[in-house]
Number of protein chains: 2
Amino acid sequence: MAPPLEFYFDFASPYGYLASLQIDAIAAKHGRTVSWHPFMLGAAFKATGQSPLPDQPMRGPYHIRDFARSARRFGAPFRMPSPFPFVALAPSRAFYWLLEERDPAAAKRYAAAVYGRVFGEGRPVGDPAAAAEVGAAIGIDPAELTGAIQGTAIKERLRRETDQAVARGVFGSPFIFVDGEPFWGHDRLPQIEEWLARGGW
Amino acid sequence: MAPPLEFYFDFASPYGYLASLQIDAIAAKHGRTVSWHPFMLGAAFKATGQSPLPDQPMRGPYHIRDFARSARRFGAPFRMPSPFPFVALAPSRAFYWLLEERDPAAAKRYAAAVYGRVFGEGRPVGDPAAAAEVGAAIGIDPAELTGAIQGTAIKERLRRETDQAVARGVFGSPFIFVDGEPFWGHDRLPQIEEWLARGGW
């Protein structure tokens, strides 16, 4: 069986949220699966000198308009969270804990719930309490989650995932590899579909 | 008749080149025309703090790969010019001289010839001699062109066009307005098609 598409994203990334709503369906149309990899985009920004889009002169206003326009295009709910940006350390750790202690499907359900709260409802998920609340809403014991994400091993896991992402050249969110071929940005999803259909070009 | 689409680009922009090969045909499918606006992207970079993509850590290697991949996707010739980047002052001035002294079609033919040399053949068009050579190849007297682009009025015209672009929020190349709606990037052409077809969303 062909290896999964690799989907890198940050939970504070609007375009990552939009991609998360579509990427599994796109892959499935071509008999493929997707492995999800939350990482800390700030680590890549240190290497590239970039910063969160909404803060940037000229680029900020364009992208704030475009986030909503891109969501509207396919009928996805969208609200900018406030405050923004926020550091998505807690939910990213929780994701890898679920991946290790439960299974990929549980981790993905959790990720979808985090993104739904962040950009569907406009409520940041940065601190451990918010990360646990999201878990509770899908049946994960909040005390267990809060305890788990304080463990050294899970902190190390997220650090390692982030380092590996940066080492592979991941500098934005979403960033998707299809059989090693890198695609950056939500607006590249049609090209990913085409790449899957044609087997590259 | 509906107003033309407004296509902003820098002659040293690979994605601007790719958009230049497609934008008129996309507009024509929907009964629309396109007004072309070369401008000095460096002026926008001063406002945004950005720099030419190929020089950037992480983003550079991705985009160098993507320039060629994006061209290959629809069978366009592509070669990175060397040296790169270069400052496209001379051909941008020549464009506005042709627009003022001849007509939009002549200016567009010249722009297409500039881009063809820059990214089709990989030969920069930065200095006045190169700008005149390109003109000569499409029947424009090189001495006349070289003289014209030294005039104060044409220098002022390009400066004004660039200032206006930045004032409108143009921070990249290509940057396209469809009835006031801004779209940044070559990979947004499919969205522009959809915007034209649906009348927005």
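In case you missed it, the structure is sitting above this.
A. The overall build of chain A, seen in detail. Along chain A, the regular secondary structure elements total 10 helices and four strands. Along chain A, helices (α) and strands (β) appear in the sequence β-α-α-β-α-α-α-α-α-α-α-β-β-α when read from the amino end. Against the compact-globule benchmark of 17 Å for 201 residues, chain A has a radius of gyration of 16 Å, which places it among compact chains. Dimensions of chain A, computed from C-alpha atoms along their principal axes, come out at roughly 50 × 45 × 35 Å. A fraction of 70% describes how many contacts in chain A between residues 6 or more apart in sequence connect residues 24 or more apart. Surface accessibility of chain A: about 8200 Å² in total, with carbon and sulfur atoms responsible for 55%. Between the centroid of the 22 positive side chains of chain A and the centroid of its 21 negative side chains there is a distance of 5 Å.

B. Molecular detail of the layout of surface pockets. Roughly 400 Å³ of internal volume is contained in the second largest pocket. Every residue lining the second largest pocket is counted, 23 residues in all, and those nearest its centre are Asp187, Pro190 and Gln191 of chain A together with Asp187 and Pro190 of chain B. Counting residues per element, the ones that place at least two in the lining of the second largest pocket are helix H2 (23-29) and helix H10 (189-198) of chain A together with helix H4 (59-73) and helix H10 (189-198) of chain B. In terms of residues, the lining of the second largest pocket owes the most to one element, H10 of chain B, which gives five residues.

C. Quick look at the sheet that holds strand E3 (residues 175-178) of chain B. All names here are of chain B. Taken together, four strands build an open sheet; the order of strands is E2-E1-E3-E4 and the sheet is mixed. The two strands at the open ends of the sheet, each matched to only one other strand, are strand E2 (34-38) and strand E4 (181-184). Neighbour-to-neighbour, the strand axes of the sheet open up by a mean angle of 20 degrees, direction not taken into account. Note: strand E1 (residues 5-9) against E2, five bridges, orientation parallel. Considered in E2, the bridge of Tyr8 is made with His37. Running over the sheet, H10 touches E1, E3 and E4 and is turned about 5 degrees from E3.

D. Quick look at the sheet that holds strand E4 (residues 181-184) of chain A. Residue and element names in this part refer to chain A. Taking strand neighbours across the sheet as the criterion, the four strands line up as E2-E1-E3-E4 in an open arrangement whose pairing is mixed. Taken across any chain shown, the strands that pair with only one partner, and hence form the sheet edges, are strand E2 (34-38) and E4. Neighbour-to-neighbour, the strand axes of this sheet turn through a mean angle of 20 degrees, independent of strand direction. Of the strand pairs in this sheet, strand E1 (residues 5-9) and strand E3 (residues 175-178) are connected by three bridges, and their pairing is antiparallel. Looking at E3, one finds that Tyr8 is bridged to Phe175. Across the sheet, H10 is in contact with E1, E3 and E4; its angle to E3 comes to roughly 5 degrees.

E. Representation of the relation of the copies chain A and chain B within the structure. Overlaying chain A with chain B gives an RMSD of 0.0 Å, the required rotation being 180 degrees about an axis along which the chain moves by 0.0 Å. Taken together, the rotation and translation relating the two chain copies correspond to the operation of a two-fold axis. Relative to the rotation axis, the closest C-alpha in chain A is found at Asp187 of chain A, a distance of 3.4 Å. Most of the interface of chain A is mirrored in chain B, where 100% of its interface residues are also at the interface.

F. Broad picture of the packing of aromatic side chains. Counted by the stated rule, this structure contains 51 aromatic pairs over all chains. Pairing Phe183 of chain A with Trp195 of chain A gives two aromatic rings, centres 5.6 Å apart and planes at 75 degrees, and the pair type is edge-to-face. Remark: Trp195 of chain A occurs in helix H10 and Phe183 of chain A occurs in strand E4; sequence separation between them is 12 residues. With a centroid separation of 5.3 Å and 65 degrees between ring planes, the pair formed by Phe11 of chain B and Tyr115 of chain B is classed as edge-to-face.

G. A look at the interface of chain A and chain B. Across the boundary between the two partners, chain A contributes 33 residues, which contact 33 residues of chain B. At the boundary of chain A with chain B, total buried surface from both sides reaches about 3300 Å², with 50% on carbon and sulfur atoms. Inspection of the chain A/chain B interface yields 10 salt bridges. Between Arg65 of chain B and Glu181 of chain A there is a salt bridge; the shortest N-O distance is 2.8 Å. For the pair chain A and chain B, the interface holds 19 residue pairs in polar contact (both at pLDDT 80 or more). When contributions to the side of chain A that touches chain B are tallied by element, the ones reaching two or more residues are helix H3 (41-48), helix H4 (59-73), E4 and H10 of chain A.

H. Summary view of the pattern of salt bridges. A full pass over the atoms with the stated rule returns 36 salt bridges over all chains. Here Arg188 of chain A makes a salt bridge to Asp66 of chain B, at a shortest N to O gap of 2.7 Å. Of the two residues, Arg188 of chain A sits in the loop between E4 and H10 while Asp66 of chain B sits in helix H4, which places them in two different chains. Comparing Arg188 of chain A with Asp66 of chain B shows no difference in burial state: the two are buried. By sharing partners, the salt bridges in this structure join Arg65, Asp66, Arg69 and Asp187 of chain A together with Glu181 and Arg188 of chain B into a single network.

The rules behind each value
- Residues numbered from 1 in each chain as written.
- Chains lettered and ligands numbered in written order.
- Predicted model: local features only at pLDDT ≥ 70, side-chain atom pairs only at ≥ 80, totals over all residues.
- Heavy atoms only, no water.
- Helix = DSSP H or I, 4+ residues; strand = E, 2+ residues; numbered from the N terminus.
- Rg over C-alpha atoms; globule rule 2.2 N^0.38 Å.
- Contact = heavy atoms within 4.5 Å.
- Areas by Shrake-Rupley, 256 points an atom, 1.4 Å probe, with all protein chains shown as cover.
- Lys, Arg positive; Asp, Glu negative; His and termini not counted.
- Charge placed at Lys NZ, Arg CZ, Asp CG, Glu CD.
- 1 Å grid on protein atoms, 1.4 Å probe; cavity = no way out; pocket = protein on both sides within 12 Å on 5 of 7 lines; lining within 4 Å.
- Points joined across faces, edges and corners; volume = space filled by probe spheres on them.
- Pairing = 2+ DSSP bridges.
- Axes fitted to C-alpha atoms, helices over the stretch in contact; angles between N-to-C directions.
- Least-squares fit on C-alpha atoms with pLDDT ≥ 70 in both.
- Phe/Tyr/Trp six-rings, centres within 6.5 Å; stacked < 30°, edge-to-face > 60°.
- Buried area = accessible area lost by both parts, 1.4 Å probe.
- Salt bridge = Lys/Arg side-chain N within 4 Å of Asp/Glu carboxyl O.
- Polar contact = N/O pair within 3.5 Å; in protein donor to acceptor, adjacent residues only side chain to side chain.
- Buried < 20%, exposed > 50% of the residue type's maximum accessible area, 1.4 Å probe, protein only.

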